[in-house]
Amino acid sequence: ISNINPYPNFQLGIAGTPYGFNSALTTGYSNLSTEMTMEKIENDKDNITFTYKHDILGLKVIIQMALIPDINIIRQYTTVINEGNEPVTLTHVSSS
C-alpha cells in the first residue's frame, strides 16, 4: 500500500508552510495532504479507517469513517499525531 497515494480526504495547514496563492483559511487548500503516503486501509462492516504519513514532518493522519446503519450518513473523525522529534504547529485541519 505504501506506493498508493489516492487523494486524501482531509486538509492540513502547518505554520511556516506556504499554501500556494491563497491561504488555507480562504480556500481550504494546502498541498500538505497530497504529500502524505497512505500506510494502510482497515475495513469492517460499519467502519473504514485510512492511515496516512508525512515522512519529512513526522505526521500521521488517521481518518475514521463510521457508516451509520439504516441511513445514508457517514461520520468522519480526523486525528493528527506528531510522531516526529520536532513540534509542529497546525494552523488548519479539515475533513473534506
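For the structure itself, look to the data block above.
About the thresholds
- Residue positions are counted from 1 within each chain, in the order its sequence is given.
- Only residues with pLDDT of 70 or above have their local features reported here, since the model is predicted, and side-chain atom pairs are shown and tallied only from 80 upward, although totals for entire chains, interfaces and linings are computed over all residues.
- Heavy atoms from the whole structure form the basis of all side-chain values; hydrogens and water molecules are not counted.
- Each helix corresponds to a stretch of at least 4 residues labelled H or I by DSSP, and each strand to a stretch of at least 2 residues labelled E; elements are numbered beginning at the N terminus.
- Residues count as neighbours in contact if any of their non-hydrogen atoms are within 4.5 Å of one another.
- Only the protein chains shown count as cover for residues, and the accessible areas themselves come from Shrake-Rupley with a 1.4 Å probe.
- In short, DSSP must find at least two bridges between two strands for them to pair.
- Think of each axis as a best-fit line through the C-alpha atoms, taken over the contacting stretch in the case of a helix, with angles from 0 to 180 degrees between the N-to-C directions.
- Counted as a polar contact is a pair of N or O atoms within 3.5 Å, where, for protein atoms, one must be capable of donating a hydrogen and the other of accepting one, and residues adjacent in sequence contribute only when both atoms are in side chains.
- When accessible area is computed with a 1.4 Å probe and restricted to protein chains, residues below 20% of their type maximum are described as buried, those above 50% as exposed, and intermediate ones as partly exposed.

**Student:** Any details on the overall build of the protein? Residues and values, ideally.
**Tutor:** Of regular secondary structure, the protein possesses one helix and six strands. Traced from its N-terminal end to its C-terminal end, the protein shows the element sequence β-α-β-β-β-β-β. Long-range contacts, defined as pairs at least 24 residues apart, comprise 41% of the intrachain contacts of the protein with a sequence gap of at least 6. Working note: accessible area of the protein is about 6100 Å², and carbon and sulfur atoms make up 52% of it.

**Student:** I'd like a rundown of the sheet that holds strand 4 (residues 59–68), residues and numbers included.
**Tutor:** Read across the open sheet, the four strands follow the order 2-3-4-5; overall the sheet is antiparallel. Of all strands in the sheet, those bounded by a partner on one side alone are strand 2 (37–43) and strand 5 (73–82). Across the sheet, the axes of successive neighbouring strands diverge by a mean angle of 15°, strand direction being ignored.

**Student:** Help me get a handle on the environment of lysine 53, residues and values and all.
**Tutor:** By the element assignment, lysine 53 lies in strand 3 (residues 47–54). When the C-alpha atoms of lysine 53 and lysine 40 are compared, they prove to be 9.8 Å apart, with 13 residues separating the residues in sequence. Non-local contacts of lysine 53, meaning those with residues more than four positions away in its chain, are made with Met36, Thr37, Glu39, Leu59, Lys60 and Glu83. A polar side-chain atom of lysine 53 sits 3.2 Å from a polar atom in the side chain of glutamate 83.

**Student:** Can you lay out the side chain of threonine 51 for me, pointing to particular residues and giving the numbers?
**Tutor:** With respect to the helices, strands and loops of the structure, threonine 51 is situated in strand 3. If sequence neighbours within four positions are ignored, threonine 51 has contacts with Thr37, Met38, Glu39, Lys40, Lys60, Val61 and Ile62.

**Student:** Pulling in residues and values, what's your account of the environment of threonine 78?
**Tutor:** Note that threonine 78 resides in strand 5. Taking the C-alpha atoms as reference points, threonine 78 and valine 61, separated by 17 residues in sequence, lie 7.0 Å from one another. Each residue touching threonine 78, except ones within four places of it in the same chain, is listed here: Phe10, Val61, Ile62, Ile63, Val93 and Ser95.

**Student:** Give me the lowdown on the pairing of strand 1 (residues 10–14), citing residues and values where you can.
**Tutor:** Of all five residues in strand 1, five are buried, a share of seventy percent or more. The alternating pattern of strand 1 places Phe10, Leu12 and Ile14 and Gln11 and Gly13 on opposite faces, both of which are buried. Pairing between strand 1 and strand 6 (residues 90–95): five bridges, direction antiparallel. Following the sheet pairing, glycine 13 is matched in strand 6 by histidine 92.

Limitation: the analysis is restricted to geometry and does not speak to function.
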